[in-house]
Amino acid sequence: SEYSQEPSRDPCLKVNAKASTSFFFAFAEPFNAEPPRSALVSSYVTPVHLFYKRNHGPIPIVHHIENYSVAVTGLIDNPTKLSIKDIRSLPKYNVTATLQVCAGNRRTAMSKVRNVRGVGWDVSAIGNAVWGGAKLADVLELLWIPKLTSSTVLGGRHVEFVSVDRCKEENGGPYKASIPLSQATNPDADVLLAYEMNGEILNRDHGFPLRVVVPGVIGARSVKWLDSINVLAEECQGFFMQKDYKMFPPSVNWDNINWSSRRPQMDFPVQSAICSLEDVQMVKPGKVSIKGYAVSGGGRGIERVDISMDGGKSWVEASRTQKPGKHYISEHSSSDKWAWVLFEATVDVSQSTEVIAKAVDSAANVQPENVESVWNLRGVLNTSWHRVLLRLGH
Ligand code: MTE
Ligand code: MO
């Protein structure tokens, strides 16, 4: 089958089958999986084998890396092909960035309110990695597209990334997505053509030999197995930009949906989740440690993480840690504005109770209280307060 040459994966990963697949297709292909919660917060940088994996087709194989190249075409004067050597010859940057599945994880919790369509992602479809590669702004400059080129002046130009994989949503064509030209040419946006993950050569699952990493933006725009870069007069018209990964209001259903009425989701909102406890967790009376992650998109850092034990009437602030991965940092490294913080609080438990976490970002954006208020038919962007139930046992 098309899936006979998949890489081997850590058996601890939880494979998320599509809700619609029957029992016989339960190890649904393409491969979509996330790590156990507790493993996710055991390190600041997520190990590659534990990093969630999100695919829309079989994992491509590149046999001869020497022959591999990326075509740069579209609205440019000199269309060209860049080899991996050309890309490696540009200054290398290590950017610590949190990537979150699709247009946000935690779909399973949203589907409990009302049915939604899509792969059942829980809280661990997110990871924080150190991505090593060339800045897209440097690559484009090499092709005479100056840094900080404004998309507005040029009528909303976008830079499109096209892969080599085969997705059924694209009728067997490749996965693609685009970002505004102004972001692509902004060195401070830290958009990378990455060939390393956590100091190792990028593996097949995560896009070998080259992938895009768009920090602060939903994972769906970070195209893996990059084949070409096209400068377009407008947004990419592919399925994943136009017919998916958009936020709709709770009133929109499959009968009245109008895809063109909404913009593709780009920056992700403020998100946090408790990972040291399952949804329903048995605990002994006494001290319980609450650990999790918090992150916001668009380069907005985390200002605060609050914990409540009384349904949100009162809150205590959790402590936060953010460790720049020093050992990866080279002369060209950047701050951790794209990376998550891990939080921790210790609470005293004497009866069964709900624990709630919510984060606040540097622009004072706060997670919404209820999932109902952000419910949408695709089940994306569930950033509602994260709640777990502690059941007292002995
Ligand atoms: N790129 C290609 N070529 N094909 C894909 O299916 N999935 C996208 C994005 N890039 C995808 C892709 C989505 S929806 C996400 S969330 C991220 O890759 C997942 O990246 P990861 O598997 O490295 O975690
Ligand atoms: Mo995704």
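Small disclaimer: the values here were computed from a predicted structure and weren't measured.

Rules used in this analysis
Residues numbered from 1 in each chain as written. Chains lettered and ligands numbered in written order. Predicted model: local features only at pLDDT ≥ 70, side-chain atom pairs only at ≥ 80, totals over all residues. Heavy atoms only, no water. pLDDT = per-residue confidence, 0-100. Contact = heavy atoms within 4.5 Å. Near = heavy atom within 4 Å. Polar contact = N/O pair within 3.5 Å; in protein donor to acceptor, adjacent residues only side chain to side chain. Areas by Shrake-Rupley, 256 points an atom, 1.4 Å probe, with all protein chains shown as cover. Buried < 20%, exposed > 50% of the residue type's maximum accessible area, 1.4 Å probe, protein only. Helix = DSSP H or I, 4+ residues; strand = E, 2+ residues; numbered from the N terminus. Pairing = 2+ DSSP bridges. Core = buried A, V, L, I, M, F, W, Y, C linked by side-chain atoms within 4.5 Å. Axes fitted to C-alpha atoms, helices over the stretch in contact; angles between N-to-C directions. Phe/Tyr/Trp six-rings, centres within 6.5 Å; stacked < 30°, edge-to-face > 60°.

Draft legend 1. Representation of the confidence of the model for the chain. Per-residue confidence for the chain gives a mean pLDDT of 92; residues scoring 70 or more make up 93%. Across residues 18–27 the pLDDT falls below 50, and counting only partners more than four positions away or on other chains, this stretch makes seven contacts in the model. Segment residues 326–334: pLDDT under 50, and 15 contacts once partners within four positions in sequence are set aside and those in other chains are kept. Here the predicted complex scores 0.94 on pTM and 0.98 on ipTM.

Draft legend 2. Quick look at the site of ligand 1. Not every one of the 20 residues close to ligand 1 is listed here, only the nearest: His 56, Asp 165, His 206, Arg 211 and Lys 224. The separation between an oxygen atom of ligand 1 and a polar main-chain atom of Tyr 52 is 2.8 Å. His 56 is positioned such that a nitrogen or oxygen atom in its side chain is 2.7 Å from an oxygen atom of ligand 1. For ligand 1, the protein covers 100% of the area, taking 530 Å² as the surface of the free molecule.

Draft legend 3. Local environment of the pairing of strand 6 (residues 126–135). Summarising burial for strand 6: 10 of the 10 residues are buried, a large majority. As paired elements, strand 5 (residues 93–100) and strand 6 share eight bridges and run antiparallel to each other. When the sheet's bridge partners are listed, Thr 98 is paired in strand 6 with Asn 128.

Draft legend 4. Here's a closer look at unusual backbone geometry. Cis geometry marks the peptide bond from Phe 208 to Pro 209; its omega dihedral reads 5°. Among the secondary structure elements, Pro 209 is positioned in the loop between strand 10 (200–201) and strand 11 (211–213). Not every positive phi belongs to a glycine, and Asp 190 is a case in point at roughly 55°. Residue position: Asp 190 is located in the loop between helix 5 (181–184) and strand 9 (192–197). Residue Asp 190 is classed as buried on the basis of its relative accessible area, which comes to 4%. Residue Tyr 245 is not a glycine yet carries a positive backbone phi of 50°.

Draft legend 5. Seen up close, the sheet that holds strand 21 (residues 386–392). As summarised here, the arrangement of the five strands in space is 14-21-20-16-17, forming an open sheet in which the pairing is mixed. The two strands at the open ends of the sheet, each matched to only one other strand, are strand 14 (280–283) and strand 17 (316–317). Relative to strand 17, strand 16 (residues 302–308) is paired through two bridges, and the arrangement is antiparallel. The residue of strand 17 that forms the bridge with Ile 307 is Val 316.

Draft legend 6. Summary view of the nonpolar core. Among the nonpolar cores identified, the biggest contains 79 residues, and Trp 131 and Leu 136 are the most heavily contacted of them. Each residue touching Leu 136, except ones within four places of it in the same chain, is listed here: Val 159, Phe 161, Ile 179, Ala 184, Val 191, Leu 192, Leu 193 and Ile 229. Residues Ile 274, Val 288, Ala 294 and Ala 345 belong to the second largest nonpolar core, which totals 21 residues.

Draft legend 7. Spotlight on the sheet that holds strand 3 (residues 69–74). The sheet built from five strands is open, its strands ordered 4-3-12-7-8 with mixed pairing. One side of each edge strand has no neighbouring strand; the edge strands of this open sheet are strand 4 (80–83) and strand 8 (176–180). With strand direction ignored, the average angle separating the axes of adjacent strands in the sheet is 20°. Of the pairings in the sheet, the one linking strand 7 (residues 158–163) to strand 12 (residues 226–232) comprises six bridges and is antiparallel in character. When the bridges of strand 12 are listed, Phe 161 appears paired with Ile 229.

Draft legend 8. Focus on the environment of Asn 115. The residue Asn 115 is located in the loop between helix 3 (107–111) and strand 6 in this model. Classification of Asn 115 as exposed rests on a relative accessible area of 67%. The spacing of Asn 115 and Gly 379 is 264 residues in sequence and 8.4 Å in space, taken between C-alpha atoms.

Draft legend 9. Just the environment of Arg 304, in detail. Summarising the element assignment, Arg 304 is placed in strand 16. With relative accessibility at 31%, the residue Arg 304 sits in the partly exposed group. Remark: the alpha-carbon pair of Arg 304 and Val 360, spanning 56 residues in sequence, is separated by 5.2 Å. Setting aside its immediate chain neighbours within four residues, Arg 304 contacts Glu 317, Arg 320, Lys 358, Ala 359 and Val 360. Looking at Arg 304, its side chain comes within polar contact range of the side chain of Asp 306, at 2.7 Å.

Draft legend 10. Representation of the packing of aromatic side chains within the structure. Evaluation of the coordinates by the stated rule reveals nine aromatic pairs. Consider the rings of Phe 51 and Trp 131, whose centres lie 5.8 Å apart with planes at 85°: the pair is edge-to-face. Residue Phe 51 is found in the loop between helix 1 (37–40) and strand 3, and its partner Trp 131 is found in strand 6; the two are separated by 80 residues along the sequence. The pair formed by Phe 51 and Trp 131 is uniform in burial state, with each residue classed as buried. With 5.2 Å between their ring centres and 80° between their planes, Phe 239 and Phe 240 make a pair best called edge-to-face. Phe 239 gets classed as partly exposed once you look at its relative accessible area, which sits at 25%.

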